[in-house]
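The residues making up each chain are set out below.
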Amino acid sequence: MGATTGHDPAAAVRVSGTIRYWAAAKSEAGLAEEPYLAATLAEALAEAKARHADRPKLVLLLGHCSYLVDGSPVGGRDHTTVALSEGGSVEVLPPFAGG
């Protein structure tokens, strides 16, 4: 199945998977990974931000990270259009100095 145009969040199917935090994101989250239940990358990140609202540095950092979804770079795509897969993974990669 391919991506569709005209994103309808109400029609999206939420799936479960794992968010993995790396480097500074791991440090700020206080854990290496946690589960998600979401349909899109935007939804998974919104849930992570809400779950970690008591960690404002992590919430801010998530806005500057790069993401891999199931091993593929998200790049500049709108996070609301990046569908997640059942059992999939979201890798959270903070900016690296000297990169």
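A.B. asks: Would you mind showing me how to read the confidence of the model for the protein here?
C.D. replies: Any residue range with low pLDDT should be treated as having predicted coordinates unsuitable for detailed reading. Averaged over all residues, the pLDDT of the protein equals 90, while 86% of them reach at least 70. Throughout residues 1-6 the model reports pLDDT below 50, and contacts reaching past four residues in sequence, or to other chains, amount to 0 contacts.

A.B. asks: Would you take a moment to explain the pairing of strand 1 (residues 15-21) for this structure?
C.D. replies: Side-chain positions along a regular strand alternate between the two faces of the sheet. Here strand 1 pairs with strand 2 (residues 33-38) via 6 bridges, running antiparallel. From the neighbouring strand, Gly-17 faces strand 2, where its bridge partner is Tyr-36. With 5 bridges joining them, strand 1 and strand 5 (residues 88-93) adopt parallel strand pairing. Within strand 5, the position partnered with Arg-20 by the bridge is Glu-91.

A.B. asks: What should I look at first to understand unusual backbone geometry in this one?
C.D. replies: Peptide bonds are trans in most cases, and residues, glycine excluded, mostly fall at negative phi. In this model, Ala-23 sits at a positive phi of 50°, which is unusual for a non-glycine residue. Assignment of secondary structure puts Ala-23 in helix 1 (residues 23-29). One non-glycine residue with positive phi stands out, namely Asp-70, at about 50°. Along the chain, Asp-70 turns up in the loop between strand 3 (66-69) and strand 4 (72-73).

A.B. asks: How should the pattern of salt bridges be read in this particular structure?
C.D. replies: Pairing between side chains of opposite charge can happen when the charged atoms of each approach one another. If you walk through the whole model with that rule in mind, you get 5 salt bridges. Across the pair Arg-14 and Glu-43 runs a salt bridge whose closest N-O atoms are separated by 2.7 Å. In this pair, Arg-14 sits in the segment before strand 1 while Glu-43 sits in helix 2 (residues 41-51), placing the two residues 29 residues apart along the sequence. For Arg-14, a relative accessible area of 41% puts it in the partly exposed group. Take Glu-43: its relative accessible area is 25%, and that puts it in the partly exposed class. Overlapping salt bridges, with partners in common, bring together Arg-14, Glu-43 and Glu-47 in one network.

A.B. asks: I would appreciate a short explanation of the sheet that holds strand 5 in the present structure.
C.D. replies: What links the strands of a sheet is backbone hydrogen bonding, and the strands pair in either a parallel or an antiparallel sense. Read from one edge to the other, the open sheet built from 5 strands follows the order 2-1-5-3-4, with strand pairing classed as mixed. Both outer strands of the open sheet, strand 2 and strand 4, are each paired with one neighbouring strand and no more. In this structure, strand 3 lies alongside strand 4, joined through 2 bridges in antiparallel fashion. What sits directly across from Leu-68, in strand 4, is Pro-73. The sheet contacts of helix 2 involve strand 1, strand 2, strand 3 and strand 5, and relative to strand 2 the element is tilted by about 125°.

A.B. asks: How should the nonpolar core be read in this particular structure?
C.D. replies: Generally speaking, soluble globular proteins have nonpolar side chains that are buried together. Counting 22 residues, the largest nonpolar core has Tyr-21, Leu-41, Tyr-67, Leu-84, Val-90 and Val-92 as its most contacted members. Secondary-structure elements contributing two or more residues to this core are strand 1, helix 1, strand 2, helix 2, helix 3 (56-62), strand 3 and strand 5. Broken down by element, the residue count for this core peaks at 4 residues, all from helix 2. Those residues in contact with Tyr-67, other than ones at most four positions away along the chain, are Leu-41, Leu-45, Leu-62, Ser-72, Pro-73, Val-74, His-79, Val-90, Glu-91 and Val-92.

Conventions and cut-offs
- Residues numbered from 1 in each chain as written.
- Predicted model: local features only at pLDDT ≥ 70, side-chain atom pairs only at ≥ 80, totals over all residues.
- Heavy atoms only, no water.
- pLDDT = per-residue confidence, 0-100.
- Contact = heavy atoms within 4.5 Å.
- Pairing = 2+ DSSP bridges.
- Helix = DSSP H or I, 4+ residues; strand = E, 2+ residues; numbered from the N terminus.
- Salt bridge = Lys/Arg side-chain N within 4 Å of Asp/Glu carboxyl O.
- Buried < 20%, exposed > 50% of the residue type's maximum accessible area, 1.4 Å probe, protein only.
- Axes fitted to C-alpha atoms, helices over the stretch in contact; angles between N-to-C directions.
- Core = buried A, V, L, I, M, F, W, Y, C linked by side-chain atoms within 4.5 Å.

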